[in-house]
Every structure is written in structure tokens, then in C-alpha cells.
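Survey of secondary and tertiary structure
So the chains spell out like this:
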Amino acid sequence: HFRPGTSVGFDVADLHVYAVVQQVVGFLEHPVRLAHTGYHADVTPFYRRATFMCLTSNFEGLPMSLMEGQQYGVIPVSFDSYAGIREITCDGACGIMVPSYSLRKYAALLNAALADTELQERMRTRALEASRRYDLENIGNQWLSLFNEM
């Protein structure tokens, strides 16, 4: 169960996204702190204190913000409405894929994850492991291998 006295914090830079997050927050069963933070050139402090990175867009290519968060063990949460989320979450092993367009389901899955600290630890560990797929050395070696095959 969720620890009493703690809250869920949402730091949101974009006002359009803020409105969508307000809707999700309305369905959460936990105390919530919602802040409009505005633009920040360095988002590292946000990643360092985050447990979840909640993306509420219905369409993305391969969202860098979720991949950047994984480097800090942040668990990605996003709608399963674009192919990139399956790659990032390893089909749900290191992140949460929400059925497309359902804010209630988004909140329900987030509520369940907030209440399960063991699940959070497993996903955080897997998120860190998954982020290594995009390390410069790994990607560089893949490019070199491709060029050598030509």
C-alpha cells in the first residue's frame, strides 16, 4: 500500500500537457503535488528525484525524455499508441504501457505501481539495464558492424 504522508509529485513544463496531467491526477488514489515548472535547460535534477516519467501524448516517435529518464532508473509510463513505447518499456518489463487513450486506465496502472514498491525496484533496475542499449559504445559498435558488412 502507498506510504501515508507521502505524495505523488508531477513537475510539468508545458501548459497543454499540464491540463492532461490534471485529468490523470483526478483519478489517482494518492495525495498529489502538481507543479507547473516551466522550461528548464537542465532537467537532470528532475530525473534524479523521479520514480516515474509520465508521458501523456497520444503519438510519439521514440521519445528521448523517456530514454533519458531510464538512465537514472526512472520508470517510463506512456500510452501504448506508438511503436516506440514497446521498445522503450521492453514490452512492459521496464515500464508501463497504458492502453491507448484511457486516462482512467493510465491512473489505475499508475496507482497499482505506486502501491507496489517491489515492482518499482524491479522496473527501475530493468530501466537502467535497458538504457545501456543506447550507450555510445553499444550504438557505435552497431554502426561499425553495419559498415563492415557493406
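These notes cover the structure that comes with them. Everything numeric here is computed off the predicted structure, so don't read it as measured data.

So, about the overall build of the protein chain. When helices and strands are tallied, the protein chain shows 7 helices and 5 strands. Walking the protein chain from its N terminus toward its C terminus, one meets helices and strands in the order β-α-β-α-β-α-β-α-β-α-α-α. Relative to a compact globule of 150 residues, whose C-alpha radius of gyration would be 15 Å, the protein chain shows 16 Å and is just as compact. By its C-alpha atoms, the protein chain is 55 × 35 × 30 Å across when sized along the principal axes. Taking all 150 residues of the protein chain together, 34% fall into the buried category.

With respect to the helices and strands, Tyr 82 occurs in the loop between strand 4 (75–79) and helix 4 (84–89). Among the residues examined, Tyr 82 registers a relative accessible area of 5% and is labelled buried. A distance of 2.5 Å separates the side chain of Tyr 82 from the side chain of Ser 78, its partner in a polar contact.

This part is about the sheet that holds strand 3 (residues 52–54). Taken together, 3 strands build an open sheet; the order of strands is 3-4-5 and the sheet is parallel. The open sheet has two free edges, formed respectively by strand 3 and strand 5 (96–98), since each of these has just one partner strand. With strand direction ignored, the average angle separating the axes of adjacent strands in the sheet is 15°. Here strand 4 pairs with strand 5 via 3 bridges, running parallel.

Looking now at the nonpolar core. Side chains that are nonpolar tend, in soluble globular proteins, to be buried together. Counting residues in hydrophobic clusters, the biggest one holds 16 residues, and the most contacted among them are Leu 28, Phe 52, Val 77, Ile 96, Val 98, Tyr 106 and Leu 110. Secondary structure elements with two or more residues in this core: helix 1 (15–25), strand 4, strand 5 and helix 5 (103–115). A total of 5 residues in this core trace back to one element, the largest contributor, which is helix 5. In this structure, Leu 66, Met 67, Ile 85 and Ile 88 belong to the second largest nonpolar core, which totals 6 residues.

So, how was this worked out
Residues numbered from 1 in each chain as written. Predicted model: local features only at pLDDT ≥ 70, side-chain atom pairs only at ≥ 80, totals over all residues. Heavy atoms only, no water. Helix = DSSP H or I, 4+ residues; strand = E, 2+ residues; numbered from the N terminus. Rg over C-alpha atoms; globule rule 2.2 N^0.38 Å. Buried < 20%, exposed > 50% of the residue type's maximum accessible area, 1.4 Å probe, protein only. Polar contact = N/O pair within 3.5 Å; in protein donor to acceptor, adjacent residues only side chain to side chain. Pairing = 2+ DSSP bridges. Axes fitted to C-alpha atoms, helices over the stretch in contact; angles between N-to-C directions. Core = buried A, V, L, I, M, F, W, Y, C linked by side-chain atoms within 4.5 Å.

Interpretation in functional terms is not warranted from these geometric data alone.
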